[in-house]
Amino acid sequence: EPEVTQTPSHQVTQMGQEVILRCVPISNHLYFYWYRQILGQKVEFLVSFYNNEISEKSEIFDDQFSVERPDGSNFTLKIRSTKLEDSAMYFCASNLFPYNEQFFGPGTRLTVL
Amino acid sequence: DQQVKQNSPSLSVQEGRISILNCDYTNSMFDYFLWYKKYPAEGPTFLISISSIKDKNEDGRFTVFLNKSAKHLSLHIVPSQPGDSAVYFCAARPEAGSYQLTFGKGTKLSVIP
C-alpha cells in the first residue's frame, strides 16, 4: 500500500540554524500539507500546497518557513532560523483531491537546542 | 482557541465491549469530520469520516455519529480489540475553499484484554 514517507525521523539542531524536512508524498497525489504537533498539544495546520503554489497557510507559517517541491517526488519544509519553540513533531500529508481524507507520514521530530 | 474539543484525555475499555469516543466543535462552518488513529512514533492514520449531510457512517467495527444541532460527534468501536489501543483524534474541515484540518487534542484509548 502506498504511503507518505518523511526523512529524517529525528533532527537535532542548534537555535538559529536552518533545517530542511523532507517528505515524499504518495505518488499520484496532488495536494500536500505540513502540520506540526508540539509535545502535549494538538496537531496544527501549517501550510497546504498545490500546483507549485501555497494554497493556504496558518498564522504559524511566518516568514521563517518556506515550502518547495523541488522535483516530481519530494516536498520540503524549510525553517530558516530555528527557535527553541520550533521543537515539535512535523507531519507531512497528501491527498489526490483536497476534499478527500489526508494521508499522513510518520513525522520528523525536530529538536532545537 | 479550541474549535474542536475532545474532553476525555483517556478512556479504558474491556476487550469485546463498546468504546465511545466523543468530540465537540464550536465552528458552525465545519462540514466534514474525520477520525484518525495514532500509534506512538507513527503518523495519524485515517479511520473514518462523515459529511455534515449525514448523521451516521459505518465501516466495519467503526461507526461515526454526527449531531449537527449539538455540534457533537462520536466514534463507536464495537467490539473493541487490544489492537485498537491508540490515541484517537477528531478533526474537522470547513466548507469548500479551505482544506486544512483542525484537530482535537486526542483521546488515548486503552483496550484491556
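A quick note: this is a predicted structure, and the numbers were derived from the prediction, not measured.

**Considering the interface of chain B and chain A**
Facing the 21 residues of chain B at the interface are 16 residues of chain A. When chain B packs against chain A, close to 1,600 Å² is buried across both sides, 58% of that on carbon and sulfur atoms. For chain B, the biggest contributors to the area lost against chain A are B:Tyr99, B:Gln100 and B:Phe103; these three give 33% of the whole. Scanning the region where chain B abuts chain A turns up zero salt bridges. Our enumeration of links across chain B and chain A arrives at seven residue pairs in polar contact (both at pLDDT 80 or more). Going through the elements one at a time, β4 (30-38) and β9 (86-94) of chain B are the ones with two or more residues in the side of chain B that touches chain A. Ranked by the residues each element gives to the side of chain B that touches chain A, the list is headed by β4(B), at four residues.

**Re the sheet that holds strand β8 (residues 75-79) of chain A**
All names here are of chain A. As summarised here, the arrangement of the four strands in space is β1-β3-β8-β7, forming an open sheet in which the pairing is antiparallel. Each end of this open sheet is capped by a strand with a single partner; those strands are β1 (5-7) and β7 (65-68). Here the average twist between neighbouring strands, direction ignored, is 20 degrees. Here β1 runs beside strand β3 (residues 19-24); their pairing, made up of three bridges, is antiparallel.

**Description of the confidence of the model for chain A**
Low pLDDT marks regions whose predicted coordinates should not be analysed in detail. Overall, the predicted model of chain A reaches an average pLDDT of 95, with 100% of residues at or above 70. For chain A, the element scoring lowest by mean pLDDT is strand β6 (residues 53-57) of chain A, at 94; strand β11 (residues 108-112) of chain A scores highest, at 98.

**Concerning the pairing of β6(A)**
Consecutive side chains of a regular strand alternate in pointing toward one face of the sheet and then the other. Note that strand β5 (residues 43-50) of chain A and β6(A) share four bridges and pair antiparallel. Counted as the bridge partner of A:Val47 is A:Lys57 from β6(A).

**Observations regarding the pairing of strand β9 (residues 88-95) of chain A**
Residues and elements named next belong to chain A. β9 sits mainly inside the fold: eight of its eight residues count as buried. Bridging between strand β4 (residues 31-37) and β9 involves seven bridges; their strand directions are antiparallel. The residue bridging Tyr-33 from the neighbouring strand is Ala-93, located in β9. Examined bridge by bridge, β9 and β11 share three bridges and lie antiparallel to one another. Residue pairing in the sheet places Met-89 in a bridge with Arg-109 of β11. Inspection of the sheet shows β9 paired to strand β10 (residues 103-104) by two bridges, in the antiparallel sense. When the bridges of β10 are listed, Ser-94 appears paired with Phe-103.

**Considering the state of the cysteines**
Per the stated rule, a full pass over the model turns up two disulfides over all chains. Across a sulfur-sulfur distance of 1.9 Å, A:Cys23 and A:Cys92 are joined as a disulfide pair. Residues A:Cys23 and A:Cys92 are joined through a disulfide that is left-handed, its torsion about the S-S bond being -65 degrees. Of this pair, A:Cys23 sits in strand β3 while A:Cys92 sits in strand β9; the two residues are 69 residues apart in sequence, bridging distant segments of the chain. Between the sulfur atoms of B:Cys23 and its disulfide mate B:Cys90 the distance is 2.0 Å. Where B:Cys23 bonds to B:Cys90 through sulfur, the torsion about that S-S bond is close to -75 degrees, and the disulfide is left-handed. Placement of the pair is B:Cys23 in strand β3 (residues 19-25) and B:Cys90 in strand β9, with a sequence separation of 67 residues. Owing to a relative accessible area of 0%, B:Cys23 belongs among the buried residues under this scheme.

**Section: the nonpolar core**
Judged by nonpolar contacts, the single largest core of 23 residues is most densely connected at B:Phe33, B:Trp35, B:Leu73, B:Leu75 and B:Tyr88. If you list the elements that add at least two residues to this core, you get β3, β4, β5 (45-51), β7 (62-67), β8 (72-77), β9 and β11 (107-112) of chain B. It is β9(B) that contributes the most residues to this core, four residues altogether. Other than its neighbours up to four places away in sequence, B:Leu73 contacts B:Leu21, B:Asn22, B:Cys23, B:Tyr25, B:Phe33, B:Trp35, B:Val64, B:Phe65, B:Leu66 and B:Cys90. With 22 residues, the next largest nonpolar core counts A:Cys23, A:Leu46, A:Val67 and A:Leu110 among its residues.

So, how was this worked out
Residues numbered from 1 in each chain as written. Chains lettered and ligands numbered in written order. Predicted model: local features only at pLDDT ≥ 70, side-chain atom pairs only at ≥ 80, totals over all residues. Heavy atoms only, no water. Contact = heavy atoms within 4.5 Å. Buried area = accessible area lost by both parts, 1.4 Å probe. Salt bridge = Lys/Arg side-chain N within 4 Å of Asp/Glu carboxyl O. Polar contact = N/O pair within 3.5 Å; in protein donor to acceptor, adjacent residues only side chain to side chain. Helix = DSSP H or I, 4+ residues; strand = E, 2+ residues; numbered from the N terminus. Pairing = 2+ DSSP bridges. Axes fitted to C-alpha atoms, helices over the stretch in contact; angles between N-to-C directions. pLDDT = per-residue confidence, 0-100. Buried < 20%, exposed > 50% of the residue type's maximum accessible area, 1.4 Å probe, protein only. Disulfide = S-S within 2.5 Å. Core = buried A, V, L, I, M, F, W, Y, C linked by side-chain atoms within 4.5 Å.

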